[in-house]
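These are the residues of each chain, in order.
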Amino acid sequence: MSKSYTVATIGAGAIAQALHLPGYDKREDVGRIVIADPVPERIAEAKGQFKIAKAYSDYREMLAAEKPDFVSVCSPNKFHAEHAIAALNAGANLLLEKPMTISLAEASAVKAAAKASGKKVMIGFSHRLIHSNNKIKALLDRDEIGDPFMMRVRFAHGGPFPGWAKTDWFYDPEIAFGGALFDMGIHAIDLCQWMIGRITAVSACMKTLRKDIKLDDNAIMTLEFENKAMAYIECGWTSGPGFNGLEIYADNGTVINNYTEPLRVCVGKSSPDWKAAPEFKWRTIRRNPNPESWSIEIDYFMDTILKGKDFPMGIDAGISAVAVALAAIESAKTGKRQVL
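As a starting point, this report considers the structure included with it.

Conventions adopted
Residues numbered from 1 in each chain as written. Predicted model: local features only at pLDDT ≥ 70, side-chain atom pairs only at ≥ 80, totals over all residues. Heavy atoms only, no water. Helix = DSSP H or I, 4+ residues; strand = E, 2+ residues; numbered from the N terminus. Rg over C-alpha atoms; globule rule 2.2 N^0.38 Å. Buried < 20%, exposed > 50% of the residue type's maximum accessible area, 1.4 Å probe, protein only. Contact = heavy atoms within 4.5 Å. Areas by Shrake-Rupley, 256 points an atom, 1.4 Å probe, with all protein chains shown as cover. Salt bridge = Lys/Arg side-chain N within 4 Å of Asp/Glu carboxyl O. Pairing = 2+ DSSP bridges. Axes fitted to C-alpha atoms, helices over the stretch in contact; angles between N-to-C directions. Polar contact = N/O pair within 3.5 Å; in protein donor to acceptor, adjacent residues only side chain to side chain. Parallel < 35°, antiparallel > 145°, perpendicular 65-115°, else oblique. Left-handed = near helix turned anticlockwise from the far one by under 90°. Core = buried A, V, L, I, M, F, W, Y, C linked by side-chain atoms within 4.5 Å.

### Some details on the overall build of the protein chain
Of the regular secondary structure elements, the protein chain holds 10 helices and 15 strands. Here the protein chain has a C-alpha radius of gyration of 21 Å; the compact-globule value for 340 residues is 20 Å, and the two agree. Overall, the protein chain is about 70 × 50 × 40 Å in size when its C-alpha atoms are taken along their principal axes. Here the protein chain, with 340 residues, has 53% of them falling under the buried criterion. Sequence separation of at least 24 residues holds for 68% of the intrachain contacts in the protein chain that already meet a minimum separation of 6. Carbon and sulfur atoms form 52% of the exposed surface of the protein chain, whose accessible area is close to 15,500 Å².

This is how it looks when you write it as structure tokens:
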């Protein structure tokens, strides 16, 4: 019989109910699911959907009493560092929702706690688990389209609240810290670094265009990389249907990944001055639109640890993405390009 693990979520709101709890609930090796949330309504909602063994209003009491093997931190951004460090100190492996923290000092503290505990940490960069993005990464690693020189990412929707989030904490600067850039742009930042390389400078513009909130509801970033490449990112909370995904332009080809369409790659070469006649050939490398990455995230988290492997989207990836996002926010405030 496989070992029966105790798992926990700190926070039982929208992301816990949509991703973490369903993932734990379906695993045969999870024998006990416990949750902590200070809001009774969230606990009632979770109990109504999942096999919750026990619920707590205080996460500290839960960690002390249950000593879980795996913990998901699903709380608002402001509390990520506090909850992550507590879980690591309690001896749990950790899945920490993005953004990792709201400051680099907090990120360093989480890293120190992980090192002291010997436990592993995965940051919730779910876009790395989308099958088509993994195909793109493999294509780049095989040098099939040459060296990338430009990347475009657009992640935009109508905003987390109303509709998906349980409350409007995403729009509260004291709790969320940042708006669309910090919420959705950080996914794009991570994808850019994963696929192209280290970001060395960032310029950004953040605006509140349509929502009556105190944070940015739209943002644009331009990124510079150490390996002669650039990228631009658009993220927003005010968009209806439209392009959501990424494009990469390289010396010998192009890949376009609109998340609702088949994944296409164009292989071909043209001289920069176009003196040589270009020859391009398009092909589809994944016909079905992307499956929901959330459905496999918990399996990936637990299985990676149980196999003794490390996470590509570990603490260092989380810290690096936070550093770029904070630099982008500073650039938007000052109007100055930020060097990293």
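From this point, things continue past the structure.
### Some points on the pattern of salt bridges
Enumeration over the complete set of coordinates arrives at 20 salt bridges. Between Arg32 and Glu66 there is a salt bridge; the shortest N-O distance is 2.8 Å. Here Glu66 lies in helix α3 (residues 59-66) and Arg32 lies in strand β2 (residues 30-36), a separation of 34 residues in the sequence. Measuring nitrogen to oxygen at the nearest pair gives 3.5 Å for the salt bridge that ties Lys137 to Asp141. Here the residue Lys137 and the residue Asp141 both occupy positions in helix α6 (residues 131-141), the gap between them amounting to 4 residues, near one helical turn.

### Notes on the sheet that holds strand β5 (residues 93-96)
Taken in spatial order, the 6 strands line up as β3-β2-β1-β4-β5-β6 in an open sheet, and their pairing is parallel. Single-partner strands in this sheet number two, and they are β3 (54-56) and β6 (121-123). Between one strand axis and the next, the sheet turns through 20° on average, direction left out of account. The strands that helix α1 (residues 14-25) touches are β1 (5-10), β2, β4 (70-73) and β5; relative to β1, the one it contacts most, it runs at about 175°.

### Thoughts on the environment of Thr304
Topologically, Thr304 is positioned in helix α9 (residues 294-306). In this structure Thr304 comes out as buried when scored by relative accessible area, which is 7%. C-alpha separation for the pair Thr304 and Val324, spaced 20 residues apart in sequence, amounts to 27 Å. Ignoring sequence-local partners within four residues, the contact set of Thr304 consists of Asp299, Lys309, Asp310 and Phe311. A polar contact of 2.6 Å, which involves the side chain of Thr304, links it to the backbone oxygen of Tyr300.

### What about the packing of helix α8 (residues 180-195) against helix α10 (residues 315-334)?
The geometry of α8 relative to α10 is characterised by a closest axis approach of 9 Å and an angle of 120° between their N-to-C directions. Classified by the angle between their axes, α8 and α10 sit oblique to one another. Both α8 and α10 take part in a crossing whose hand is right-handed. For the pair α8 and α10, contact is made by Leu181, Phe182, Ile186, Ile189, Asp190 and Gln193 and by Ala317, Ser320, Ala321, Val322, Val324, Ala325, Leu326, Ala328 and Ile329, respectively.

### Brief notes about the nonpolar core
One finds Met151 and Leu223 to be the most contacted residues of the largest nonpolar core, which totals 109 residues. Here this core gets 11 residues from one element, more than from any other, and that element is α8.

Keep in mind that these numbers describe shape and distance, not what the molecule does.
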